[in-house]
Amino acid sequence: MPALPPGRWRDAARATGLLAPDGTVAATVFAEMSALAARTGAINLGQGFPDVDGPSWVRRAAVDAIAPDAESGANQYPPGPGVPTLLDAVAAHQDRHYGIRLDPATQVLVTTGATEALAATVLALAGPGDDVVTLEPFYDAYAACIALAGARHLTVPLVRDPARPGAPLRLDLDALRAAVTDRTRIVLVNTPHNPTGTVLTRPELEAVADAARRHDAIVLTDEVYEHLVFDDAVHVPVATLPGMAERTLTVSSVGKSWSLTGWKVGWVTGPAELLTAVRTVKQFLTYVSGAPFQPAVARALGDDTFPRELAASLAARRDLLCEGLDAAGFAVSRPRGTYFVVADGSPLGFDDGADLCRRLPALAGVVGVPMSAFCTPGSPTAVALRSSVRFTFVKKEPVLREAVRRLAALRRA
């Protein structure tokens, strides 16, 4: 077989760990841990997807949209930007929750999940010579998208507060000010934050906004967990801050807050000019998708009850898992949002989270994901979180109780 031609994609894929040295597609640690759970019968608290589907009436709306007994249903290409009812619903959602006024025809774009929205935005707006700044730890797709765009990836760490053991990580503001420069094209912010469960505060987001305005950068916000915040945490969209509506692109989806991750219906909103640039890329990625799901998602966005009830349920399940991890001997950072909790294994004598995750099925019959998977190899953040593991609590309560029971074996070991 002839050798593949050289290309930037290959260097980018190797740099982000997507391509193995022999040229094959590298298995991610997420796939590795899920396969380990399946092989050993361990409880999989590594992969963050619900084990209960979203509202039945929303799922029924998708079935109705296919209309098997009608002459026509939502089975052909939808309009490129999205079906009008969903565009209207996204705009209404942003207005109702945050007071953000949008023109559905020019300021809302439906995508194949939030991941496509993020990829299309980075590919449209950044390239060689540009910097894209993200938080660290970061969702692994960010690094891949930035590398494939040919831009330089810089990170700002989320750090532990030594005065508040167990508190969520906080943004390093000095590092933020150093990272954002006149080379910065995009500041990509994820709040509520995967994998740490941190919900950035208004002062932290104001610092992001100030840096973006000072250096004329665009802020791209990943807000897929926007409704899943706990206790006294408040989600603050960057687009609501002074002077930021014109330079912010906001991404969200139906997957997390409505427990419909497999539908892959997301959206990006913001200034019409920026959104036009994103759409020019998006139309050559998937073109369109999710025709029968889009009308159902429009209906879901009109109802706030399910996300509110889900958040309350997740808060209780978070408490259950955090208490179990603490009792097992981990040092736990209590999350204020999302599906995830970070637990440090060093008090148990484990200084390598990846090694601990590979041993956990035998030690306790549970699987997690090492925090190193969300960091740049060798970075200060990777070193600081080397002994930490991410666990998900978006599972049924009996599953979590059994996981907690099993994890107790670590304390006895």
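As the structure is a prediction and not an experimental result, all values here were calculated from the model.

Much of the literature gives interface size as the accessible area that the parts lose upon coming together. Taken domain by domain, the chain holds domain 1 (8-53 + 306-408) and domain 2 (57-302). Relative placement of domain 1 and domain 2: their C-alpha centres are 23 Å apart. At the junction of the two partners, domain 1 supplies 39 residues and domain 2 supplies 40 residues. Approximately 3,400 Å² of surface area, both sides summed, lies buried where domain 1 meets domain 2, with 60% of it carried by carbon and sulfur atoms. Of all residues in domain 1, R336, T338 and F374 bury the most surface against domain 2, accounting for 22% of the area lost on that side.

We now examine the sheet that holds strand β5 (residues 170-171). Taken in spatial order, the eight strands line up as β2-β9-β8-β7-β6-β3-β4-β5 in an open sheet, and their pairing is mixed. Edge positions in the sheet fall to β2 (108-111) and β5, since each of these pairs with one other strand and no more. Here strand β7 (residues 218-222) runs beside strand β8 (residues 248-253); their pairing, made up of four bridges, is parallel. Bridge pairing links T221 to T250 in β8.

A few words on helix α4 (residues 84-98). At 3.6 residues per turn, the α-helix brings residues three or four places apart onto the same side. An ideal rise of 1.5 Å per residue puts 21 Å on 15 residues; α4 measures up with 21 Å between its terminal C-alpha atoms. The set of residues buried in α4 consists of L86, L87, A89, V90, A91, H93, Q94 and Y98. Summarising the contacts, the buried residues of α4 are in contact with α5 (104-107), β2, β8, β9 (266-269) and α11 (293-301). Positive backbone phi, at 70°, marks G99, one or two positions downstream of α4.

Procedures and definitions
- Residues numbered from 1 in each chain as written.
- Predicted model: local features only at pLDDT ≥ 70, side-chain atom pairs only at ≥ 80, totals over all residues.
- Heavy atoms only, no water.
- Domains from an automatic or database assignment.
- Contact = heavy atoms within 4.5 Å.
- Buried area = accessible area lost by both parts, 1.4 Å probe.
- Pairing = 2+ DSSP bridges.
- Helix = DSSP H or I, 4+ residues; strand = E, 2+ residues; numbered from the N terminus.
- Expected span 1.5 Å × (residues − 1).
- Buried < 20%, exposed > 50% of the residue type's maximum accessible area, 1.4 Å probe, protein only.

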